[in-house]
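Below are the chains, spelled out letter by letter.
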Amino acid sequence: MTQRIVKSLPDQEKSLIARIRGRARRGTGLVVGIGDDCAILRVPAGHELLITTDLTLEKVHFRRDWHPPQVVGWRCLTRGLSDIAAMGGTPRAALLSLALDRRVPQSWVNQFLTGLLDAAEQFRIPLAGGDTAQSAGGIQADIVVVGSAPTGKAIRRSGARPGDGIYITGALGGAAAALGQLKKTIVRWKDYERHFHPEARIQVGQWLGRRGLASAMIDTSDGLSTDLEHVCEESGVGAMVESAAIPRAKVGRPANQVSLELAMHGGEDYELLFTSSGQVPSTIAGVPVTRIGQMTKKRGMVLIDATGISGKLVPKGWQHFVA
Ligand SMILES: [Mg+2]
């Protein structure tokens, strides 16, 4: 969104950028936002930058007939915020690149921005820049979130050690359960909050970061089995999980507990999965935390079922959905 480019853009795009600029939040760490060639951010002294990028693609991550535009905007930024949470960091700014089919109505874009800026407001971060273009078809959004953590204190995936407990925030499977329902019927947003309105666990991540309590951490975007495997691989250890301990989301109306299968393999819950050798409380920043197993010296992942019989825990990578 540079000044130079703005001058040569078609009127439609110019007005879109002007609308985004008019609505973008200004933050204390932002020296220069939308309107120059680059944003200028002030990084707190003694901090390192965290940078993450996430694509939100129509027909891959959302469908216009299933997801209201505010939901798409909210989830778009939350994906990036959740990655900052997973490092124990503080979000500082976001940048949005948006490619739109020229048939996408202006009202869709406005509501998408409302959802995205609501999430930005909640975590008090500015939208500091981005880009817009006409797409060859459909809607594609890329969100970049910049955050920071005290030097050397960001929580990585690689720090888990044998004997560390494995912990998860909230409950799992709720987001994936919504997709199953959407394929069959109209779904009420309120009955599937974790799918339509997930919240990045920023405060939990910061709490763990401040105390140095987590040895490794990741957010559950691909599903517990796959995300735990990432931690195992990066840390060079194995894991043992007790199936009965996995907190399963209650969704729908009347509310029902999701299947173990969904809780283990369903993606996009944006909970935090972390390991610790310390005393972990059962609630952090108002969010329930559950111990589900232990890291092991022996590589590979083992699942112990409710009767105590152990088998291999096979990661089933989250495929989002193919429309
Ligand atoms: Mg992540």
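Going by the structure above, here's the rest.
Residues numbered from 1 in each chain as written. Predicted model: local features only at pLDDT ≥ 70, side-chain atom pairs only at ≥ 80, totals over all residues. Heavy atoms only, no water.

For the magnesium ion, the full set of protein donor atoms is Asp-83 (OD) and Asp-219 (OD), at a range of 2.1 Å. Residue Asp-83 is located in helix α3 (residues 69–85), and its partner Asp-219 is located in strand β8 (residues 216–219); the two are separated by 136 residues in the primary sequence. Look at Asp-83 and you get buried, because its relative accessible area is 19%. (Donors = N, O, S within 2.8 Å, 3.2 Å for Na, K, Ca; no water. Helix = DSSP H or I, 4+ residues; strand = E, 2+ residues; numbered from the N terminus. Buried < 20%, exposed > 50% of the residue type's maximum accessible area, 1.4 Å probe, protein only.)

The geometry of α3 relative to helix α4 (residues 106–122) is characterised by a closest axis approach of 6 Å and an angle of 40° between their N-to-C directions. When the interaxial angle is binned, α3 and α4 end up oblique. In this structure, α3 meets α4 at a crossing whose hand is right-handed. Counted together, Pro-69, Gln-70, Val-72, Gly-73, Trp-74, Cys-76, Leu-77, Thr-78 and Leu-81 of α3 and Trp-108, Gln-111, Phe-112, Gly-115, Leu-116, Asp-118, Ala-119, Ala-120 and Gln-122 of α4 form the full contact between these two elements. Split into classes, the residues belonging to the contact of α3 with α4 amount to 11 nonpolar, 6 polar and 1 charged. (Axes fitted to C-alpha atoms, helices over the stretch in contact; angles between N-to-C directions. Parallel < 35°, antiparallel > 145°, perpendicular 65-115°, else oblique. Left-handed = near helix turned anticlockwise from the far one by under 90°. Contact = heavy atoms within 4.5 Å. Nonpolar A, V, L, I, M, F, W, Y, C, P; charged D, E, K, R; others polar.)

Of all 9 residues making up helix α5 (residues 174–182), 7 are buried, and the element is well covered by its neighbours. All of the buried residues along α5 are Gly-174, Ala-175, Ala-176, Ala-177, Ala-178, Leu-179 and Leu-182. Those residues of α5 that are buried are in contact with α6 (193–196), β10 (250–251) and α9 (260–265).

Together, Val-43, Leu-49 and Ile-51 line one region of the surface with nonpolar side chains, adding up to about 280 Å² of accessible area. By the secondary structure assignment, Val-43 is in the loop between β2 (40–41) and β3 (47–57). (Patch = residues over 30% accessible without salt bridge, like charges linked within 9 Å, V, L, I, M, F, W, Y side chains within 5 Å. Areas by Shrake-Rupley, 256 points an atom, 1.4 Å probe, with all protein chains shown as cover. Salt bridge = Lys/Arg side-chain N within 4 Å of Asp/Glu carboxyl O.)

This part covers the environment of Arg-210. In this fold, Arg-210 is placed in helix α7 (residues 202–211). Arg-210 sits 121 residues away from Gly-89 along the chain, and the two C-alpha atoms are 9.7 Å apart.

A few words on the sheet that holds strand β5 (residues 127–134). Strand order in the open sheet formed by 4 strands is β3-β6-β4-β5, and the pairing between neighbours is mixed. Taken across any chain shown, the strands that pair with only one partner, and hence form the sheet edges, are β3 and β5. Between one strand and the next, the sheet's axes are offset by a mean angle of 15°, whatever the strand orientation. Pairing of strand β4 (residues 90–100) with β5, which is carried by 7 bridges, proceeds in the parallel orientation. In the strand pairing of β5, Ser-97 is matched with Asp-131. Against the sheet, α3 makes contact with β3, β4 and β6 (139–150), and its axis sits at roughly 145° relative to β3, the strand it touches most. (Pairing = 2+ DSSP bridges.)

A cis amide bond links Arg-253 to the next residue, Pro-254, at an omega of -5°. Along the chain, Pro-254 falls in the loop between β10 and β11 (256–257). You will see that Lys-59, though not glycine, has its phi angle at about 75°, which is positive. Its location among the elements puts Lys-59 in the loop between β3 and α3. A residue is classified by how much of its surface remains accessible, and Lys-59, at 54% relative accessible area, is exposed.

Moving on, we come to the packing of aromatic side chains. Tallied over the entire structure, the rule returns 3 aromatic pairs. Relative to Trp-108, the ring of Phe-62 has its centre 6.1 Å away and its plane inclined at 25°; by these criteria the two rings are stacked. Highlighted residues: Phe-62 in the loop between β3 and α3 and Trp-108 in helix α4, separated in sequence by 46 residues. In this structure Trp-108 comes out as buried when scored by relative accessible area, which is 8%. (Phe/Tyr/Trp six-rings, centres within 6.5 Å; stacked < 30°, edge-to-face > 60°.)

Distances and angles like these do not, on their own, reveal function.
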